[in-house]
Amino acid sequence: MLEIDWNNIFLKDLDLSLVVEISIRTFIMFLFVLIFLRSSGKKGVRQLSIFEVAIIIALGSAAGDPMLNSESAILPSLLVFVVILAMYRIITYLSAKNENIETLLEGEPMYIIEDGKFVLEEAGDSNFAKDEFFAEMRAQSIEHVGQVKTALLESNGQVSFLFFDDKDVLMGLPIFPKAYQKKSRNINDGGEYACAFCGNVLRIAVPQTCPRCGKDEWVGAIGSLRIV
Ligand SMILES: [Zn+2]
């Protein structure tokens, strides 16, 4: 019979003195984390670059151990803090001086949409999640790709949009689910269709492959203006 030692799982050696010790350790370490984050010069954490996430992970591990493990002392973990902070400062300094180092650490912004169409190299990039990107566009109340002049995926994961003026809005691939109906077979009305893959818009009367990307799924294009 498998014996589960619930006492070991939930309590271990927990007694009053350990409760007090853990409370003091956590209080101190939490203060240090706050002081560290303030002194890193970073204003907020809404969007973290990969480099900053790496720092947070290293920091979290160094801070967590002495919080609840009586065998870990606080000073060695402070040393970890100091080294990480020094590295953060040095690397930030270097990447401000040198663009190559910055690109290496933070990645490069990439063009997702240009002139109402998806940029081809990125449309097929498996690192780039189209669903997520569509959700981001919907959150910006973008109804179809033809409203967007340029979309840039920044290295911190944020997307920057540049919109067409109302008079320049193109016909485009809709991104709200109800309007997004794939019609690969029954194209016969000679209307304008958008390639579901690259956003290329064509007036077509018979099913065909997209001359731009070679795929053959079409969605009825729409040309509505942006509601702001
Ligand atoms: Zn296409």
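The UniProt entry for the protein chain carries this comment under Sequence similarities (unreviewed entry): "Belongs to the UPF0702 family." What the UniProt record of the protein chain gives under Subcellular location (unreviewed entry) is the line "Cell membrane".

(A) Representation of the overall build of the protein chain in the model. Looking only at helices and strands, the protein chain has seven helices and seven strands in total. The C-alpha atoms of the protein chain give 26 Å as radius of gyration, which overshoots the globular expectation for 228 residues (17 Å, by more than 25%). Seen through its principal axes, the protein chain has C-alpha atoms that stretch 80 × 60 × 30 Å. Evaluated residue by residue, the protein chain yields a buried proportion of 30% over its 228 residues. For the protein chain, the proportion of contacts with a sequence separation of at least 24, taken over those separated by at least 6, is 59%. Carbon and sulfur atoms provide 59% of the accessible area of the protein chain, an area that totals close to 14,600 Å². Treating the 21 positive side-chain charges of the protein chain as one cloud and the 29 negative ones as another, the clouds have centres 7 Å apart.

(B) Layout of the UniProt feature "transmembrane region" (unreviewed entry) in the protein chain. Within the UniProt annotation, "transmembrane region" (unreviewed entry) is assigned to residues 16-37, 49-68 and 74-91. Here residues 16-37 runs as 100% helix and 0% strand, with 32 Å between its end C-alpha atoms. The straight-line gap between the two end C-alpha atoms of residues 49-68 is 29 Å; of that span, 95% is helix and 0% is strand.

(C) The arrangement of the side chain of Arg 226 in detail. Along the chain, Arg 226 falls in the segment after strand 7 (218-220). Salt bridges are absent for the buried Arg 226, whose nearest opposite-charge side chain, Asp 166, sits at 6.8 Å. At 3.0 Å, the side chain of Arg 226 and the backbone oxygen of Gln 140 are in polar contact. If sequence neighbours within four positions are ignored, Arg 226 has contacts with Gln 140, Ser 141, Ile 142, Gln 147, Phe 163 and Asp 166.

(D) Seen up close, the packing of aromatic side chains. Counted under the stated rule, the structure contains seven aromatic pairs. Between the aromatic rings of Phe 118 and Phe 133, the centroid separation amounts to 6.3 Å while the plane-to-plane angle is 65°, which identifies the pairing as edge-to-face. Of this pair, Phe 118 sits in strand 2 (residues 117-118) while Phe 133 sits in helix 7 (residues 130-139), and the two are 15 residues apart along the sequence. Each member of the pair, Phe 118 as well as Phe 133, carries the same accessibility label: buried. When the ring of Phe 134 is compared with that of Tyr 180, the centres are 6.3 Å apart and the planes differ by 75°; the resulting orientation is edge-to-face. Remark: Tyr 180 occurs in the loop between strand 4 (159-163) and strand 5 (192-195) and Phe 134 occurs in helix 7; sequence separation between them is 46 residues. Note on Phe 134: relative accessible area 9%, which makes it buried.

Conventions and cut-offs
- Residues numbered from 1 in each chain as written.
- Predicted model: local features only at pLDDT ≥ 70, side-chain atom pairs only at ≥ 80, totals over all residues.
- Heavy atoms only, no water.
- UniProt positions renumbered as here; feature names shortened; annotations may be inferred.
- Helix = DSSP H or I, 4+ residues; strand = E, 2+ residues; numbered from the N terminus.
- Rg over C-alpha atoms; globule rule 2.2 N^0.38 Å.
- Buried < 20%, exposed > 50% of the residue type's maximum accessible area, 1.4 Å probe, protein only.
- Contact = heavy atoms within 4.5 Å.
- Areas by Shrake-Rupley, 256 points an atom, 1.4 Å probe, with all protein chains shown as cover.
- Lys, Arg positive; Asp, Glu negative; His and termini not counted.
- Charge placed at Lys NZ, Arg CZ, Asp CG, Glu CD.
- Salt bridge = Lys/Arg side-chain N within 4 Å of Asp/Glu carboxyl O.
- Polar contact = N/O pair within 3.5 Å; in protein donor to acceptor, adjacent residues only side chain to side chain.
- Phe/Tyr/Trp six-rings, centres within 6.5 Å; stacked < 30°, edge-to-face > 60°.

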